[in-house]
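Understanding the architecture of this molecule
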Amino acid sequence: MTSKTPDLTSLSESLASAVSAASPSLLRIEGGRRHGATGIAWSTDGHVLTASHAVEAEEALQVTLSDGRTLEAKLVGRDPALDLALLKVDAPLTPLAHAPDAQVGQLVLALGRPGRTVRATLGIVSAQGEGWRTHAGGKVERYLETDADRPPGFSGGALVDTGGRLLGMTSAALARHANVVLPVETLARVAEGLQRHGGVRRGYLGVGAYPVRLPPSVAKELGRGGGLILHSVEPGGPADRAGLVQGDVLVSLDEQPLQDLPDLLGFLGGEERVGAGVKARVLRAGEAREVALSVGQRP
């Protein structure tokens, strides 16, 4: 019995073709960082997506196109909770085609333009899963992770399949020990919101908290096993104005239990929460009470 040998030459040529096809859509971003970053051409009318931390200086933003031209760019808006920013240049661009859903084990390329030319690293889709929220409350439609390396300057770069089609944007700012990819669905939703409103509105209480277990007698009375103890309350913030103080245990908001920080961020994540009145169940000195508060907008 003979075994088939993979045609490495064909694979190599296919990968090189994918990089060549995607190259015009990868742009160099200069935004006040010591090293340049990468941007992805998002629309034919000049919109560019990149990493928010790469364009901290909102003035003197520049985008270098694949043909070597350098253009001034305007910041349309940013979403720090997802480390995304939308820029606009006065030039037509070539967006990448979008890939179908990725599969674990699928070969992928991480692309960046840290200098004049595109660089590429090879890896696989190492994990994927259902949606999740970042530590700052940003919603990601699908969890996608890759083991493809990200050299300096790859911030805001693209993850593409072997056909050069876009799977998402790689980000190092969302998870400390994983190379997380923001999928196309997330990029599209945030880009639309930034183009319309210049930002993404999220709810805000102005508290710092960590999860705690409730005493058994209190847990039985409240029907809740845990809550969030407030270790800080921002002066003048929504929680402070409602009378919450350091040491209070936040058990629920509008009857939705709060067992950990993702529960709180998930409750506050929707734009509809901003300005809404909610009922907070709070435990103070062993006594349960209800507090009415108005949700603010995250700065």
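Now for a description of the structure that goes with this document. Remember, it's a predicted structure, so these values are computed and weren't measured experimentally.

Calculation notes
Residues numbered from 1 in each chain as written. Predicted model: local features only at pLDDT ≥ 70, side-chain atom pairs only at ≥ 80, totals over all residues. Heavy atoms only, no water. Helix = DSSP H or I, 4+ residues; strand = E, 2+ residues; numbered from the N terminus. Buried < 20%, exposed > 50% of the residue type's maximum accessible area, 1.4 Å probe, protein only. Pairing = 2+ DSSP bridges. Axes fitted to C-alpha atoms, helices over the stretch in contact; angles between N-to-C directions. 1 Å grid on protein atoms, 1.4 Å probe; cavity = no way out; pocket = protein on both sides within 12 Å on 5 of 7 lines; lining within 4 Å. Points joined across faces, edges and corners; volume = space filled by probe spheres on them. Nonpolar A, V, L, I, M, F, W, Y, C, P; charged D, E, K, R; others polar.

Below, the discussion takes up unusual backbone geometry. Of note in the backbone geometry, Asp83 takes a positive phi value of approximately 55° without being a glycine. Structurally, Asp83 can be placed in the loop between β6 (74-79) and β7 (84-88). With relative accessibility at 6%, the residue Asp83 sits in the buried group.

Our focus in this paragraph is the sheet that holds strand β4 (residues 62-64). One open sheet accounts for seven strands, arranged β5-β4-β1-β2-β3-β7-β6; its pairing is antiparallel. Two strands bound the open sheet, and with one partner strand each, they are β5 (70-72) and β6. The mean inter-strand angle of the sheet, taken between neighbouring strand axes irrespective of direction, is 30°. Here β6 runs beside β7; their pairing, made up of five bridges, is antiparallel. Opposite Leu75, over in β7, you have Leu87 as the bridge partner.

To continue, consider empty space enclosed by the protein. Evaluation of the coordinates by the stated rule reveals one cavity of 30 Å³ or more. In this structure, the largest cavity occupies an estimated 30 Å³ of space. When the residues that make up the lining of the largest cavity are grouped by side-chain class, the tally is two nonpolar, five polar and one charged.

In short, shape yes, function no, at least from these values alone.
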